[in-house]
Structure formats: C-alpha cells, structure tokens
Amino acid sequence: MATNSTTRNTSESTYKAKDEFLNEILKCGICLSRMLAPCCLPCAHAFCRSCLISYAESNHVNNFSSMHYIQCPYCKFQLNYSSIKQLEAMLIINPTLKQLCEALETLKTTGEQSTAGYHARCHSCCTLQMLKICKHCSFMLCAACRRTHLLDVHRESKIQLETLDAHLRLVDEKRSELNQINHEYDQIRELIHSYMEKLYDTLKQQCDQALHILDERQHSNDEIFWNDSGFDNPEKLDFFMSLLEIGKRKLAAKHITDRDLMDLSDNLQTIPGVDENLLEKMNFSQMSLYVDETCLTKQFIRISDKNNSSIKENINEKSSQVLNEQTESIET
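Small disclaimer: the values here were computed from a predicted structure and weren't measured.

1. What to know about the overall build of the protein chain
Then, in step 1: Of the regular secondary structure elements, the protein chain holds nine helices and eight strands.
Then, in step 2: Burial analysis of the protein chain (332 residues in total) assigns 16% to the buried set.
Then, in step 3: Considering only intrachain contacts with a sequence separation of at least 6, the fraction spanning at least 24 residues in the protein chain is 43%.
Then, in step 4: Of the accessible surface of the protein chain, which amounts to about 25,700 Å², a share of 55% is contributed by carbon and sulfur atoms.

Below, the structure is given as structure tokens:
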C-alpha cells in the first residue's frame, strides 16, 4: 500500500511539473496568461492574436505615418504593416499551439490527470479526444482521422511515385537519345580532325615538293654559273673583284712603289680565262609561283542540320568544282 501511494504521489508530481512547464511555454508574453488563438510572429515567438492586435492599435495613437510596425516583446523583431486589416490578415493562428492550449484548458476544467494523456479538439473532425501530432503535416489528429489522413498520404505518395516513374522513363529515353547524338558528334569531330590531318599532309607535301624543285633549280644555276664563268667559287670571284679595285687605285696614284707594282702584276697573272661568248650564252632556269589564294576564302568544313539536304548538295557540288579546277591546273 505504501508503495502504491508513493508511486501515485510521484506520478501526480510529475504531471504537475509537466503542466507547469506547458503553462510556462504557452503563456502569452503580453497578457501573461495562457494564449488564446496563438499566432506566431516571423521571429517564431507566439502571442494571443487579440493581444497583438490591441498592441498594434495602441501604437497607432501617436503614429501618423503610412507604415506602422510592432516589435516582438521578447526579441524586438519589427513587423511592418500598413493597416490593422493587413495585420489581421498576417496573423495566422497556429493550429498546434491552439490544440495544446485547448488540451490544457480541458484538463483544467475536468481535473483529469491520468496516463491516458491530454484531450483536445481534433484538427479534422473537431471532436474532443486524445490526439497525436502527425509528423507529416504537424497537425494534432484523433486516431480515426489520423488513419484516414495516413491513407490519403499513402494514396498521394503512390500517385506521385507513378508520376515520377513516368517522368523518369521519359527523361531516360531522351537521355539515351542525347547520348546517341553526342556519340555522333564525337564521330563528326574525329572526321573533322582526320580531314584536317589529310589536308595538312597534302599541303605539306605540295610545299615540300615546291621547295625541293626550287632547291634543285638553284643548285643547277649555281653550277652553270661557277663552271662557265671561270671562277670556281664566290671567294675567288670576291678576291679578283677586290684586286680590281686595289689595282685601279694604285695605278691612279701619283707615286707607286716598284714592289706594289710587281705584286699587282703577279696577281694579275693568275686571272682565270673567261670565255665571253660562253658567258653571253649562259642561261639560267627561271621559276614562277602560283598560289591558289581563293582557298583562303573557301569553307572546306561545314556543319549543318542532318535533315538539310540542300546544304549537302551545295557542298558536294562545290567540292567537285574544286577538284576539277585542281585537275585542270595540274594538267596545264
């Protein structure tokens, strides 16, 4: 018996402490009573709706501006509004806090303190029953309404999953199509690089061939000149060119020593024989250059829509014309 009495006293003290704690939480910071029609400000502090409206009306007395405001009694958060009607529309009753306040009020009226829990009005059917908070919508519902609500949530979730599945299948199809097109783009990119390499190799081959012909002609002209001119190399020609200038200068001088005169004579004896007729008949190979500068204005590579056949035909026609022009120039 003593044990049961002690347990009952402990349970009663626990419920009493819980009630005091809930009363403190649900106390309005303006009227200092349990909140009626609790409304939360944007700062999350809650007060009675009527207390907030009265608080705002009292601030209107000495405020003549078009914009008005109230400050949260706790954190001084400022809520701006243009009229009392706008403020009333902004103050929305918090259903969860309202049900908690009703549960405490019911408990106070009936004097019940049992392990069955608090009773309040269900958010859906408005009957006075023991409620549980729905984790989905944060409303306090009775057992029957909660089951109905969960069935609705289950049904809505199933519909949403079916919609999501249909959307994802469509997205996956389009993604596969996009991947296929990207693969074709990669192939086109490889063809462009391959064409550029072939075009570069062709131009490089033509360039090397032209330079090789120039080198051969230049070497042939050099051989003809040095073999038929009587001078074997540029150094020998430069020597006699210098000797000519020095000899003219010395002979034109008023005084020339015997040694300078003998040296000049000895050097002149080494002059190679020059055949004037052979020099006059000497012919050199001449070259001319033809560069197709129109290729700089030609667009060798074009990208067009896959279904645009007219552009393809135009490209093929121009390509055949370019090939014909190149063939004619080679034959000429």
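2. Remarks on the nonpolar core
Then, in step 1: Ranked by size, the top nonpolar core spans 23 residues in total, and within it Met 35, Leu 41, Leu 52, Ile 70, Leu 87 and Leu 91 carry the most contacts.
Then, in step 2: Counting residues per element, the ones that place at least two in this core are strand E2 (46–48), helix H2 (49–59), strand E4 (78–81), helix H3 (84–90) and helix H4 (95–110).
Then, in step 3: Look past the residues within four positions of Leu 52 in its chain and what remains in contact with it is Ile 30, Cys 39, Leu 41, Phe 47, Ile 70, Leu 87 and Leu 91.
Then, in step 4: In this structure, Phe 231, Phe 240, Leu 243 and Leu 264 belong to the second largest nonpolar core, which totals five residues.

3. A few points about unusual backbone geometry
Then, in step 1: Phi at Leu 32 is positive, roughly 60°, even though this residue is not glycine.
Then, in step 2: Tracing the backbone through its elements, the reader meets Leu 32 in the loop between helix H1 (2–25) and strand E1 (38–40).
Then, in step 3: For Leu 32, a relative accessible area of 59% puts it in the exposed group.
Then, in step 4: Backbone geometry places Lys 76, a non-glycine residue, at a positive phi of 65°.
Then, in step 5: Mapped onto the fold, Lys 76 is located in the loop between strand E3 (68–71) and E4.

4. As for the environment of Tyr 81
Then, in step 1: The topology assignment puts Tyr 81 in strand E4.
Then, in step 2: Sequence separation of Tyr 81 and Met 67 is 14 residues, and the distance between their C-alpha atoms is 6.1 Å.
Then, in step 3: If sequence neighbours within four positions are ignored, Tyr 81 has contacts with Ala 56, His 60, Met 67, His 68, Tyr 69, Ile 70, Gln 86, Leu 87 and Met 90.

5. A word on the UniProt feature "coiled-coil region" (unreviewed entry) in the protein chain
Then, in step 1: The feature "coiled-coil region" (unreviewed entry), as given by UniProt, occupies residues 164–198 in the numbering adopted here.
Then, in step 2: Annotation note: span residues 164–198, helix share 100%, strand share 0%, distance between end C-alpha atoms 50 Å.

6. Thoughts on the pairing of E4
Then, in step 1: Side chains Leu 79 and Tyr 81 project from E4 onto a buried face, and the interleaved Gln 78 and Asn 80 project onto a face without burial.
Then, in step 2: Note: E3 against E4, four bridges, orientation antiparallel. The partner of Tyr 69 across the bridge, within E4, is Asn 80.

7. A short note on the side chain of Asn 221
Then, in step 1: Within the secondary structure, Asn 221 sits in helix H5 (residues 143–228).
Then, in step 2: Not counting chain neighbours up to four residues away, the residues in contact with Asn 221 comprise Phe 284 and Ser 285.

8. Thoughts on the packing of aromatic side chains
Then, in step 1: Throughout the structure, instances matching the rule amount to four aromatic pairs.
Then, in step 2: Where Phe 225 meets Trp 226, the ring centres are 4.7 Å apart and the plane angle is 75°; that geometry is what we call edge-to-face.
Then, in step 3: Arranged with centres 5.2 Å apart and planes meeting at 75°, the rings of Phe 239 and Phe 240 form a pair that is edge-to-face.
Then, in step 4: Residue Phe 239 is classed as partly exposed on the basis of its relative accessible area, which comes to 42%.
Then, in step 5: Judged by relative accessible area, which is 11%, Phe 240 ranks as buried.
Then, in step 6: These aromatic residues form a ring-pair network of at least three members: Phe 225, Trp 226 and Phe 284.

9. Remarks on H5
Then, in step 1: In this model H5 runs 123 Å from its N-terminal to its C-terminal C-alpha over 86 residues, within 8% of the 128 Å that 1.5 Å per residue would give.
Then, in step 2: Among all positions in H5, only Cys 145, His 149, Val 153, Asn 221 and Trp 226 are buried.

10. Some details on H2
Then, in step 1: By the burial criterion, the buried members of H2 are Cys 51, Leu 52, Ile 53 and Ala 56.
Then, in step 2: Structurally, H2 contributes buried residues whose contacts are with E1, E2, E3, E4 and H3.

11. Concerning a nonpolar patch on the surface
Then, in step 1: On the surface, Leu 161, Leu 164 and Leu 168 cluster together to form a nonpolar patch covering roughly 300 Å² of accessible area.
Then, in step 2: Within the fold, Leu 161 resides in helix H5.

12. Remarks on the packing of helix H6 (residues 234–252) against helix H7 (residues 258–268)
Then, in step 1: One can describe the packing of H6 onto H7 by two numbers: an axis separation of 11 Å at closest approach and a directional angle of 145°. In terms of crossing hand, the pair formed by H6 and H7 is left-handed. Together, Phe 240, Leu 243, Gly 247, Lys 250 and Leu 251 of H6 and Asp 260, Leu 261, Leu 264, Asn 267 and Leu 268 of H7 make up the contact between the two elements.
Then, in step 2: Across the contact of H6 with H7, the residue classes break down as six nonpolar, two polar and two charged.

13. So, the pattern of salt bridges
Then, in step 1: The final tally for this structure, using the stated rule, is seven salt bridges.
Then, in step 2: Between Asp 186 and Arg 189 there is a salt bridge, with its nearest N and O atoms 2.7 Å apart. Here Asp 186 pairs with Arg 189, and both are found in helix H5, just three residues apart, close to one helical turn.
Then, in step 3: Taking the relative accessible area as the measure of exposure, Asp 186 reaches 39% and is therefore partly exposed.
Then, in step 4: The exposure class of Arg 189 is partly exposed, given its relative accessible area of 44%.
Then, in step 5: With a closest N to O distance of 3.9 Å, Lys 298 and Asp 292 form a salt bridge.

About the thresholds
- Residues numbered from 1 in each chain as written.
- Predicted model: local features only at pLDDT ≥ 70, side-chain atom pairs only at ≥ 80, totals over all residues.
- Heavy atoms only, no water.
- Helix = DSSP H or I, 4+ residues; strand = E, 2+ residues; numbered from the N terminus.
- Buried < 20%, exposed > 50% of the residue type's maximum accessible area, 1.4 Å probe, protein only.
- Contact = heavy atoms within 4.5 Å.
- Areas by Shrake-Rupley, 256 points an atom, 1.4 Å probe, with all protein chains shown as cover.
- Core = buried A, V, L, I, M, F, W, Y, C linked by side-chain atoms within 4.5 Å.
- UniProt positions renumbered as here; feature names shortened; annotations may be inferred.
- Pairing = 2+ DSSP bridges.
- Phe/Tyr/Trp six-rings, centres within 6.5 Å; stacked < 30°, edge-to-face > 60°.
- Expected span 1.5 Å × (residues − 1).
- Patch = residues over 30% accessible without salt bridge, like charges linked within 9 Å, V, L, I, M, F, W, Y side chains within 5 Å.
- Salt bridge = Lys/Arg side-chain N within 4 Å of Asp/Glu carboxyl O.
- Axes fitted to C-alpha atoms, helices over the stretch in contact; angles between N-to-C directions.
- Left-handed = near helix turned anticlockwise from the far one by under 90°.
- Nonpolar A, V, L, I, M, F, W, Y, C, P; charged D, E, K, R; others polar.

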